[in-house]
Amino acid sequence: MELIDGKKVSLAIQEEVAIEVRTLIANGGKQPHLAAILVGNDGGSETYVANKIKACERVGFKSTLLRLPGNVTEEKLLETIEQLNTNKDVDGFIVQLPLPKHINEHKVLEAVIPQKDVDGFHPVNVGRMVLDLPAYISATPFGIVQLLDKYNIPTAGKNCVVIGRSHIVGSPMSILLAKNAKVGNCTVTLCHSKTVDLKSHTLNADIIICALGKPEFLKADMVRQGAVVIDVGTTRVPSTESKTGFVLKGDVKFDEVSPKCSFITPVPGGVGPMTIASLIKNTLLAAKKEIYK
Ligand code: GUN
């Protein structure tokens, strides 16, 4: 079993971006600038956004964090998005999810202009991704593709089971892995809450992407010997053993599943850091106007 070190790969990608940023600036270019909108004070979102800002500092990007209260009106949020859309200094920006219930997420994500949508959540970017046109690819699936690539994990002709059909992970992941691409050409099965006999699917899988958000859901008896397991779950579970009062749990029962795997990602330190690396890469693409020329 080989542990996939997402933290190491993420830092290596960030180092490559840092070098490119230095060259860009040395040649008279503008410092890339990522902005983030954080609504309310959800603990997980606070941590994710703080990590994104830290990564900006690491690679030499300018960053701006715009905080809005949890009871902000949808109108005010849309106004803030419009200000970032038209701010010439901002190359790309994100609205951290989840949003409070009173805000229409689709309306918000559609308000971000596709040219600055470095999260790749806008329907235009999703559509372009599906059609193999240049697009910002959603950070988590993009990060997983890069991990499979870095570890030279064969994908062509492999049976891949994606568990979870969320718009930001499961759905785009299933599309990316079925593409005729270097990391791709899988026979993909997208499983979800209505799947009958999930185990019959996972036992047939060479690669399992677990993205349903249920701690320790995937057990050893659901995985075949030699499978590649990618764990996207990051659920905060209360714990008295940690100073923070919680521990981060993946969707995979790691201790029992890992001995059966050829490769597996840990939580933390697997997919999470790659999401950050992908966002940073997308922001560099935005600064260089490489997707929308
Ligand atoms: N919430 C969970 N994952 C993400 C992500 O990749 N981007 C944003 N904006 N919010 C998230």
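Residues numbered from 1 in each chain as written. Predicted model: local features only at pLDDT ≥ 70, side-chain atom pairs only at ≥ 80, totals over all residues. Heavy atoms only, no water.

**Comments concerning a nonpolar patch on the surface**
To keep things clear, this is the line we draw: Candidates for patches are residues over 30% relative accessible area with no salt bridge; among them, like charges are joined within 9 Å and nonpolar side chains (Val, Leu, Ile, Met, Phe, Trp, Tyr) within 5 Å. Residue exposure ignores everything except the shown protein chains as possible cover, and the areas themselves are Shrake-Rupley values with a 1.4 Å probe. Each reported salt bridge corresponds to a side-chain nitrogen of Lys or Arg within 4 Å of a carboxyl oxygen of Asp or Glu. Strands here are runs of E lasting at least two residues and helices are runs of H or I lasting at least four, both read from the DSSP assignment and numbered beginning at the N terminus. Only protein chains enter the calculation, and the probe is 1.4 Å; a residue is then buried if its accessible area is under 20% of its type maximum, exposed if over 50%, and partly exposed in between.
A cluster of nonpolar side chains, Val126, Val130, Leu131 and Leu133, forms an exposed patch at the surface whose accessible area comes to about 330 Å². Residue placement: Leu133 occurs in the loop between α5 (123-130) and α6 (139-150). Residue classification places Leu133 among the partly exposed residues on the basis of a relative accessible area of 43%.

**Some remarks on the site of the ligand**
Our working rule: When at least one non-hydrogen atom of a residue lies within 4 Å of a molecule or strand, that residue is treated as near it. Whenever a nitrogen or oxygen atom comes within 3.5 Å of another N or O atom, the pair is scored as a polar contact, on the condition that within protein one atom can donate a hydrogen and the other can accept it, and that pairs from neighbouring residues in sequence are kept only if both atoms are in side chains. Following the grouping adopted for this structure description, the nonpolar residues are Ala, Val, Leu, Ile, Met, Phe, Trp, Tyr, Cys and Pro, the charged ones are Asp, Glu, Lys and Arg, and the polar ones are all others, Gly among them.
Lining the immediate environment of the ligand, one finds Lys52, Val95, Gln96, Leu97, Asp119, Phe121 and Ile168. Val95 places a main-chain nitrogen or oxygen 2.9 Å from a nitrogen atom of the ligand. A distance of 3.3 Å is found between a nitrogen atom of the ligand and a side-chain nitrogen or oxygen belonging to Gln96. Considering the ligand on its own, with 280 Å² of exposed area, one finds that the protein chains cover 85% of that surface. Its residues assigned to classes, the shell around the ligand comprises four nonpolar, one polar and two charged.

**Notes on the pattern of salt bridges**
Enumeration according to the criterion identifies 13 salt bridges in this entry. Close ionic contact of Lys288 with Glu20 constitutes a salt bridge, the shortest N to O distance being 2.3 Å. Here Lys288 is found in the segment after α10 (271-287), whereas its partner Glu20 is found in helix α1 (residues 6-26), with 268 residues between them in sequence. Its relative accessible area of 29% is what places Lys288 among the partly exposed residues. Among the salt bridges present, the one from Asp221 reaches Lys199, with a minimum N-O distance of 3.4 Å.

**Description of the pairing of strand β7 (residues 207-210)**
Our working definition: Pairing between two strands is assigned when DSSP locates at least 2 bridges connecting them.
Covered by surrounding structure in β7 are Ile207 and Ile209 together with Ile208 and Cys210, the residues of both alternating faces. Pairing between β7 and strand β8 (residues 227-231): four bridges, direction parallel. Note that in β8 the partner of Cys210 across the bridge is Asp231.

**Thoughts on the sheet that holds strand β3 (residues 62-68)**
Just so we agree on the cut-off: Axis definition: a line fit to C-alpha positions, over the contact stretch in the case of helices; interaxial angles, taken between N-to-C directions, run 0 to 180 degrees.
Strand order across the open sheet formed by three strands is β3-β2-β4, with parallel pairing between neighbours. The open sheet is flanked by β3 and β4 (92-95), the only strands paired with a single partner. Strand-to-strand twist across the sheet, computed as the mean angle between neighbouring axes with direction ignored, equals 15°. Pairing of strand β2 (residues 33-39) with β4 involves four bridges; the strand directions are parallel. Residue pairing across strands places Ile37 opposite Val95, the latter belonging to β4.

**A short note on α1**
One turn of the α-helix equals 3.6 residues, which is why residues spaced by three or four share an orientation. Note the threshold: Given the number of residues in a helix, its expected span is that number minus one, multiplied by 1.5 Å. When checking whether two residues touch, look at their non-hydrogen atoms; a contact exists if any pair is within 4.5 Å.
For α1, built from 21 residues, the straight-helix expectation of 30 Å at 1.5 Å per residue is met to within 8% by its first-to-last C-alpha distance of 30 Å. Listed in full, the buried residues belonging to α1 are Gly6, Val9, Ser10, Ile13, Gln14, Val17, Ala18 and Val21. Here the buried face of α1 lies against α2 (43-59), α6 and α10. The N-terminus of α1 is capped by Asp5, whose side-chain oxygen sits 3.2 Å from the backbone nitrogen of Lys7. Just downstream of α1, Gly28 is the residue with a positive phi angle, here 85°.

**Regarding the packing of aromatic side chains**
Note the cut-off: Only centres within 6.5 Å qualify two rings of Phe, Tyr or Trp (six-membered ring in Trp) as a pair; their planes then separate them into stacked at under 30 degrees, edge-to-face at over 60, and tilted for everything else.
What the rule picks out here adds up to two aromatic pairs. Each ring, one from Tyr136 and one from Tyr292, has its centre 6.1 Å from the other, and the planes form 40°; the classification is tilted. With a gap of 156 residues between them, Tyr136 in the loop between α5 and α6 and Tyr292 in the segment after α10 connect regions that are remote in the sequence.

**Brief notes about the sheet that holds β7**
Read from one edge to the other, the open sheet built from six strands follows the order β1-β11-β8-β7-β5-β6, with strand pairing classed as parallel. Edge strands, defined here as strands with exactly one partner in the open sheet, are β1 (2-3) and β6 (187-191). Note: β8 against strand β11 (residues 261-264), three bridges, orientation parallel. Bridge pairing links Ala227 to Cys261 in β11.

**Here's the deal with the pairing of β6**
With five bridges joining them, strand β5 (residues 159-163) and β6 adopt parallel strand pairing. Paired with Cys160 across the strands is Val188, a residue of β6.

**Points about the state of the cysteines**
Heads up, the condition is: The criterion for a disulfide is a pair of cysteine sulfur atoms lying within 2.5 Å.
Across all of its chains, the model carries zero disulfides by this definition. Cysteine Cys186 remains unbridged, with the sulfur of Cys160 as its closest cysteine sulfur at 4.9 Å.

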